[in-house]
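Examining the three-dimensional arrangement
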Amino acid sequence: MGMGRDSWDLCGSCAGGIVRRAGAVRPFVDGRATRPWVLALVAIVSCVLMVAAAAMPVSAMAVPTVLEAPEQQTVEILADGSARVDGASFGIIGFERLAKGAARASEGAPEGYRLPISDSAGLVVVRAPDEVLLHVDREVAATFDLEDPSGAGLSALWSMVCALDEAGSMGGALLSEGEVPLRLVTDSECVSGVFRYRFDARGDDGARYVTVTLANAEEGEAGLDTARAAGVDLGDGVLWCDFAQVVDAGNMVAKDDPGVVGEALAFFSSIDYRPFWVSLKTSGLALAISFALGLFAAWRVMGTSSRLKGVLDSVFTIPMVLPPTVCGFLLLMLFGQSTAVGRWLMAHGITLVFTWEAAVISAIVVSFPLVYRTALGAFESLDGRMIDAARTLGWSEVRIFSRLMMPLAWPSIAAGTVLAFARAMGEFGCTLFFAGNYAGITQTIPIAIYFEWMGGNTAVALFWVMVVIAFSFLVVWGINAYTARHQGYRDGAHVGVAARGGVRGKMRGHALARSSAGAAADAGGSRAAAITSFDADMVVDDLESTGGDAAAIDLSALRELFEDGAA
């Protein structure tokens, strides 16, 4: 600014205001003439402020426009994520609602709390703690005349956003609920409270995000660690986020009614079924390993001393009572870089963390206790005298286990095995912690449910929920059917006894007749009578009609023992 004839004065009567006058300059402050050095100081400060204002980014200077609640208009929803309003020159397509983002630091991703959005999204709505931020790209706002806060275009836009937000909320909170201030933002970033919102943050791969960082921190140092040090949770800055594309109304296509069958076919053809196959192969392999380890552990624990048995039983059972996330955290620490075991494995080229093998290990950890506990309970319920008798007959421990213990304990073991498979299929926390979420690799059905819902695909999440419920029902029904069949198999001799009484009487009569004839013909009458009487008891034994498995084996062995003793 020159100090010529047309210059700026500080006028005491206008309390420091600047008054432009023509002619000579006479400086006054509070009615008194000021000294030249005071004027020089004021001029220097003014220049510094003007330079700082000129260097300040436009986005930092811009203040979002606070809007009155726009009047709601009638919205026509054309298809999933698409809507328009009669008379509006534009419409919305590709609408999505995100319930949650990610705060964990990732290589190549922008700092702060991140929510991935479409690169073509010209509209982003962030539900902040104290207000709603309606971000419209500056070019989109200029194209469709959305810069006027009181214009009809903005009212139509807000009506469409509210309608689509309600359609995708599935019972959650809505944008139209409550008396929350609405702010129109056309710049790429803004500040609300202690949070700074960036609507076009980019990763190294070009992916676009909405990010939340600490408002008063320098860029590059406003991420998660800085926020935690300040006692701020960046995730609290976004309750949920909507985004969509704003297009010309002439490009909107009315929704054709495909009918129920068409909609069903379109829905089922759009589902990614890889989580189902990942769950099946992960649970199948985990079950095979858990079955072998669980039976072996139960068998060996039976023969240990009482003190050692208590320790082993606690170690084998504790994964069943620990929260799955605790199990996943411990596995992550054990096989990660934090321990010598993990470092040794990595040094030899074995990486387990965030792999399919990690998902299998997670399923084994949570399913093994079910097989172990049911097998141990079944083995301990067997008659110890029968096992001791088998030992006195010279049977090895392996033969006792495979020919005596397993057949008698199999119903309980089978039920525990099916439950273990169902538990492996339903595992979530341990798998997510240790194996992560990689589609087609480690993403099982429970993980798919969580992330589909978080991504706004509630219909797909509900589909997987119904799959899990149906599978669980089949598991329980199968266990009950097998138990009832086996119980009927064991108790079958007691059913219809009255109806078969005549037949049994004849069988018993023939057996006794053969026994008497044998006694008269045999020189050793008493011993033969005892043996044939023994055979007659086996014929009419209650287990005869059902196979007489274990009881027949023991009786035959005892008969051989009696014959050897008599000889």
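Scroll up a little and you will see the structure.
Of the regular secondary structure elements, the protein holds 19 helices and 16 strands. Here the protein, with 567 residues, has 35% of them falling under the buried criterion. Restricting the contact set of the protein to residue pairs at least 6 apart, pairs at least 24 apart contribute 65%. Total accessible area computed for the protein in this model is approximately 31,900 Å², and 61% of it derives from carbon and sulfur atoms.

Let us now look at empty space enclosed by the protein. Enumeration over the complete set of coordinates arrives at one cavity of 30 Å³ or more. Considering only enclosed or pocket space, the largest cavity measures out at about 40 Å³ in volume. S279, T282, S283, A359, A363, A424, E427, T431 and T444 are the residues that line the largest cavity. Only helix 7 (274–302) and helix 11 (356–380) provide two or more residues apiece to the lining of the largest cavity. The element best represented in the lining of the largest cavity is helix 7, accounting for three residues.

Take the pairing of strand 11 (residues 132–136) next. Of all five residues in strand 11, five are buried, a share of seventy percent or more. Of the two faces of strand 11, both are covered, the one formed by V132, L134 and V136 as well as the one formed by L133 and H135. With five bridges joining them, strand 10 (residues 123–127) and strand 11 adopt antiparallel strand pairing. Paired with R127 across the strands is V132, a residue of strand 11. Between strand 10 and strand 11, which pair antiparallel in sequence order, lie four residues. Where strand 11 and strand 12 (residues 182–185) come together, four bridges link them in parallel fashion. Bridging across to strand 12, V132 finds its partner in L182.

Once that is clear, we can look at a nonpolar patch on the surface. Nonpolar side chains collect at one region of the surface, where V326, F329, L330, M333 and F433 lie side by side and expose about 400 Å² of accessible area between them. Residue contributions to the nonpolar patch peak at four residues, all from helix 9 (residues 324–335). Take M333: it is sitting in helix 9.

Cut-offs and rules
Residues numbered from 1 in each chain as written. Predicted model: local features only at pLDDT ≥ 70, side-chain atom pairs only at ≥ 80, totals over all residues. Heavy atoms only, no water. Helix = DSSP H or I, 4+ residues; strand = E, 2+ residues; numbered from the N terminus. Buried < 20%, exposed > 50% of the residue type's maximum accessible area, 1.4 Å probe, protein only. Contact = heavy atoms within 4.5 Å. Areas by Shrake-Rupley, 256 points an atom, 1.4 Å probe, with all protein chains shown as cover. 1 Å grid on protein atoms, 1.4 Å probe; cavity = no way out; pocket = protein on both sides within 12 Å on 5 of 7 lines; lining within 4 Å. Points joined across faces, edges and corners; volume = space filled by probe spheres on them. Pairing = 2+ DSSP bridges. Patch = residues over 30% accessible without salt bridge, like charges linked within 9 Å, V, L, I, M, F, W, Y side chains within 5 Å. Salt bridge = Lys/Arg side-chain N within 4 Å of Asp/Glu carboxyl O.

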